[in-house]
Amino acid sequence: MTTISIEHTSRWFGNVVAVNDVSMTISPGVTGLLGPNGAGKSTLINMMGGFLAPSTGSVTLDGQPIWRNESVYRQIGVVPEREAMYDFLTGREFVVANSELQGLGAREAQEALATVEMEYAQDRKIATYSKGMRQRVKMASALVHNPSVLLLDEPFNGMDPRQRMQLMDLLRHMGATGRTVLFSSHILEEVEQLASHIEVIVAGRHAASGDFRKIRRLMTDRPHRYLVRSSDDRVLAAALIADPSTAGIEVDLAEGALHIQAIDFGRFTELLPRVARENSIRLLTVSPSDESLESVFSYLVTA
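Residues numbered from 1 in each chain as written. Predicted model: local features only at pLDDT ≥ 70, side-chain atom pairs only at ≥ 80, totals over all residues. Heavy atoms only, no water.

Under the annotation held in an unreviewed UniProt entry, the protein carries the name ABC transporter ATP-binding protein and is attributed to Streptomyces albipurpureus.

## Some points on the side chain of Asp-252
On the secondary structure map, Asp-252 appears in strand 12 (residues 246-252). Buried within the structure, Asp-252 lacks any salt-bridge partner; Arg-229 is the closest side chain of opposite charge, at an N-O distance of 7.6 Å. Engagement of the side chain of Asp-252 in a polar contact is seen with the side chain of His-259, the distance being 3.4 Å. With residues near it in sequence (within four places) discarded, Asp-252 still touches Ala-257 and His-259. (Helix = DSSP H or I, 4+ residues; strand = E, 2+ residues; numbered from the N terminus. Buried < 20%, exposed > 50% of the residue type's maximum accessible area, 1.4 Å probe, protein only. Lys, Arg positive; Asp, Glu negative; His and termini not counted. Salt bridge = Lys/Arg side-chain N within 4 Å of Asp/Glu carboxyl O. Polar contact = N/O pair within 3.5 Å; in protein donor to acceptor, adjacent residues only side chain to side chain. Contact = heavy atoms within 4.5 Å.)

## Here we look at helix 9 (residues 233-241)
Three or more residues of helix 9 are buried, namely Asp-233, Leu-236, Ala-237 and Leu-240. Buried residues in helix 9, looked at end-on, bunch into an arc of 100°, giving them a common side. On its buried face, helix 9 is in contact with strand 11 (224-230), strand 12, strand 13 (257-262), helix 10 (265-278) and strand 14 (283-288). (Arc of directions from axis to C-beta.)

## Quick word on the sheet that holds strand 4 (residues 56-61)
Overall, antiparallel pairing links the four strands, which are arranged 2-1-4-5 in an open sheet. Each edge of the open sheet is held by one strand with a lone partner, namely strand 2 (16-26) and strand 5 (64-65). With seven bridges joining them, strand 1 (residues 4-13) and strand 2 adopt antiparallel strand pairing. Its bridge partner being in strand 2, Trp-12 is matched across the sheet by Val-17. (Pairing = 2+ DSSP bridges.)

## Looking at the sheet that holds strand 11
The sheet built from four strands is open, its strands ordered 12-13-11-14 with antiparallel pairing. Looking at which strands have only one partner, the edges of the open sheet turn out to be strand 12 and strand 14. Across this sheet, the average inter-strand angle for adjacent strands is 20°, counted without regard to direction. In the sheet, strand 11 pairs with strand 13 via five bridges, with the strands oriented antiparallel. When the sheet's bridge partners are listed, Arg-225 is paired in strand 13 with Gln-261. Against the sheet, helix 9 makes contact with strand 11, strand 12, strand 13 and strand 14, and its axis sits at roughly 165° relative to strand 12, the strand it touches most. Across the sheet, helix 10 lies against strand 11, strand 12, strand 13 and strand 14, angled at about 10° from strand 11, the strand it touches most. (Axes fitted to C-alpha atoms, helices over the stretch in contact; angles between N-to-C directions.)

## Thoughts on helix 4 (residues 106-115)
In an α-helix, one full turn covers 3.6 residues, which means residues spaced three or four apart are oriented alike. Of the positions making up helix 4, those classed as buried are Glu-108, Ala-109, Ala-112 and Leu-113. Along the axis of helix 4, the buried residues cluster in a sector spanning 140°; they form a single face. Opposite the buried face of helix 4, by more than 90 degrees, sit the exposed residues Ala-106 and Arg-107. Those residues of helix 4 that are buried lie in contact with helix 3 (91-101) and helix 5 (131-143). In the stretch just after helix 4, Glu-117 is the one whose phi turns positive, near 55°.

## A short note on unusual backbone geometry
A positive phi is found at Asp-21, a non-glycine position, where the angle reads about 50°. For Asp-21, the location among the structural elements is in strand 2. The backbone of Ser-280 shows a phi angle near 55°, a positive value even though the residue is not glycine. Residue classification places Ser-280 among the exposed residues on the basis of a relative accessible area of 67%.

Right under this line is the structure:
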């Protein structure tokens, strides 16, 4: 049972804090590392993979520190988001080179290419590969030494639907057979389809942890802000503010709209049309004004 433990870990670059006092445990199975772009996901993965030292705290694999510990590197495979590849090589040459760096040979490289279904293009130059094909050949190079831990940074970027399904099936199989698989994403639906456990990171901080039902519930239950335009904003505002599902309403005369903060999402979505109907008010615009991914995740940090 291979487990990565992150204990009160921070990492900064000059005056920029990329990861701030994060603690989490990555156990066998498939774990999704969820958060908006720039949240610190790549920095965390680089520390788990041994590419970066923590500024404070510890990152360990089964109790052993990962940074500058060659004995644990054979257990870890990393698929980085960055495409630092040798375009003049063929896919097979690239994977064989990585196999030889592990003290292995062409047979292991061929098995890894077959695992990611890249045999059909293995003799083409990487320069001719699509984004999805590059992702899969990086995956083959990470699997060539049969690691017990697999770390993937935004692995589905650039993949077509068929490639995504193939990779998801492969990762599910690896998790089911006891490997420790962690992949990062900024798309909740992507994580829901694959991960049995989710860790959420926002602005370098650990925001939430649990299965996707718990994370989805946290996001749904947060306060919501709406922009509403109607045929009678003042009457509508007076009726809505009296209900406990709303925490505040701002009448914007210049914009001709209401800015409403709802603290009971389910009750408010039933209340608004009912109040409008009872007061013969026409709803002209009802739109969420805080549905960006950053605002949704940021709520989890302060909740």
